[in-house]
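Report on the structure
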Amino acid sequence: MSTVAERLRQLRKDALILQECSVSLAIIPAQAGLHRDDEQKRKKSDQLQALRNLIRNRERLPQSLQPRRTLTPPAGEEIAPGLYYVETVLKYEAAETLEWPAIDDAPIDRRRLLCFDTETTGLAGGVGTRAFMIGVAAWLEGELTVRQLYLTTIAGERAMLQTFAGWLNPETILVSYNGKSYDAPLLKGRLRLNRVDHCLAALPHIDWLHPTRRVYKGHLPNCKLATIEREVLRIIREDDLPGSEAPAAWLAYLRGQSSRNLARVLDHNKQDVITLMRLGDHLTTR
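The paragraphs below set out a description of the structure included in this document. Source: prediction; values computed, not measured.

Concerning the overall build of the chain
Each helix and strand counted, the chain has 8 helices and 9 strands in total. Across the 286 residues of the chain, 43% fall into the buried class. Of all intrachain contacts in the chain linking residues separated by at least 6 positions in sequence, the fraction that spans at least 24 positions is 70%. Counting every atom, the chain has about 16,200 Å² of accessible surface; 49% of that belongs to carbon and sulfur.

Shown next as structure tokens:
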């Protein structure tokens, strides 16, 4: 009997979520003249029938309204509730300095560079847009370390922003592609809303989009990062998920669908920050 009661309690909770198939579990009043035992049997029968109806209706629901399944995140370890961390170390032989006079006095110590990119819930920006993934790449003695943070619940946003802010220091030089117009303002806004202390606004920022346009505008169909990768850096991505599809991949994962596309978003983000370092080498050695 206890098992039936537990199932009843659980299915009642599910009924609140599945509004379209909610079933009233109200007990039908006993008819006059029924014996007390007969009335109890009828109550139990009504409850069991309600459970059967709920199960049948639940099976007919569209996938978007089905109860969420718990899926294993695609990669990394959970470092805070709802926040996962992924680290990749790659060999990257390069000069220790870059000739780029627009920031401080050339040459720049490569160890100061922090290439960063975000994946967000929308491409238009605005107050409702937030980053669900942040990737950074930094160089040290022939190795490129890529660190990525991503959310599996919205509740992990503040921890993600705190972790990212901890990667910044007064010597950091930010490197991005269109980050001055999009990624940096978005992160500043979210840091402010979450009351996270940071030095993001005070840091020098190299945005490779602008020098790339000066060099290649009119010579290529466009100056999107994917075009520059393919036509200039000769980087060919395999099974790449376009950045425009990243929000849908993350939302699908939150709804309990497969984590495969979220893993592809991680790969896309990782390649973006690696490309930022390679693009810097290309532009400063032309």
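Structural notes on the packing of helix α7 (residues 246-254) against helix α8 (residues 260-284)
Closest axis-to-axis distance for the α7/α8 pair is 8 Å, and the angle between their directions is 140°. Viewed along their axes, α7 and α8 adopt a mutual orientation that is oblique. For the crossing formed where α7 meets α8, the hand is left-handed. Contact residues: α7 offers Ala 246, Ala 249, Trp 250 and Tyr 253, while α8 offers Asn 261, Leu 262 and Val 265. In terms of residue class, the contact of α7 with α8 is built from 6 nonpolar, 1 polar and no charged.

Notes on unusual backbone geometry
A positive phi angle, near 50°, is found at Glu 141, a position not held by glycine. Within the element layout of this structure, Glu 141 appears in the loop between β6 (131-140) and β7 (143-151). When its relative accessible area of 67% is taken as the criterion, Glu 141 is described as exposed. For Asn 178, which is not glycine, the phi dihedral falls at a positive 70°.

As for the pattern of salt bridges
Once the charged atoms of two side chains with opposite charge are near each other, the side chains can pair. Tallying each qualifying case throughout the model produces 12 salt bridges. With a closest N to O distance of 2.8 Å, Glu 157 and Arg 190 form a salt bridge. Of this pair, Glu 157 sits in helix α3 (residues 157-166) while Arg 190 sits in helix α4 (residues 183-193), placing them 33 residues apart in sequence. For the pair shown, Glu 157 and Arg 190 are each scored as buried. Of the charged contacts in the structure, one is a salt bridge between Asp 240 and Arg 237, with a shortest N-O distance of 3.3 Å.

As for the sheet that holds strand β2 (residues 83-91)
Pairing is mixed across the open sheet formed by 7 strands, whose spatial order is β1-β2-β7-β6-β5-β8-β9. Edge positions in the sheet fall to β1 (77-80) and β9 (205-207), since each of these pairs with one other strand and no more. Put simply, the sheet's adjacent strands are angled 30° from each other on average, direction ignored. In the packing of α4 onto the sheet, contacts are made with β5 (113-120), β6 and β9, and the angle to β5 comes to roughly 75°. Of the strands in this sheet, β2, β5, β6, β7 and β8 (173-176) touch α8, which is tilted by about 150° from β5.

Comments concerning the environment of Leu 83
With respect to the element layout, Leu 83 can be found in strand β2. Sequence separation between Leu 83 and Thr 153 is 70 residues; the distance between their C-alpha atoms is 7.5 Å. Among residues more than four places away in sequence, those in contact with Leu 83 are Glu 77, Glu 78, Leu 149, Tyr 150, Leu 151, Thr 152, Gly 156, Ala 159, Met 160 and Thr 163.

Some words on the nonpolar core
Grouped together as the largest cluster of nonpolar side chains are 40 residues, with contacts concentrated most on Phe 164, Leu 187, Leu 262 and Val 265. The set of elements that each furnish at least two residues to this core consists of β2, β5, β6, β7, α3, α4, α7 and α8. Among the elements that take part in this core, β6 stands out by supplying 6 residues, more than any other. Not counting chain neighbours up to four residues away, the residues in contact with Leu 262 comprise Pro 74, Phe 132, Met 133, Tyr 150, Ala 249, Trp 250 and Tyr 253. With 31 residues, the next largest nonpolar core counts Ala 137, Leu 220, Ile 228 and Ile 235 among its residues.

Conventions and cut-offs
Residues numbered from 1 in each chain as written. Predicted model: local features only at pLDDT ≥ 70, side-chain atom pairs only at ≥ 80, totals over all residues. Heavy atoms only, no water. Helix = DSSP H or I, 4+ residues; strand = E, 2+ residues; numbered from the N terminus. Buried < 20%, exposed > 50% of the residue type's maximum accessible area, 1.4 Å probe, protein only. Contact = heavy atoms within 4.5 Å. Areas by Shrake-Rupley, 256 points an atom, 1.4 Å probe, with all protein chains shown as cover. Axes fitted to C-alpha atoms, helices over the stretch in contact; angles between N-to-C directions. Parallel < 35°, antiparallel > 145°, perpendicular 65-115°, else oblique. Left-handed = near helix turned anticlockwise from the far one by under 90°. Nonpolar A, V, L, I, M, F, W, Y, C, P; charged D, E, K, R; others polar. Salt bridge = Lys/Arg side-chain N within 4 Å of Asp/Glu carboxyl O. Pairing = 2+ DSSP bridges. Core = buried A, V, L, I, M, F, W, Y, C linked by side-chain atoms within 4.5 Å.

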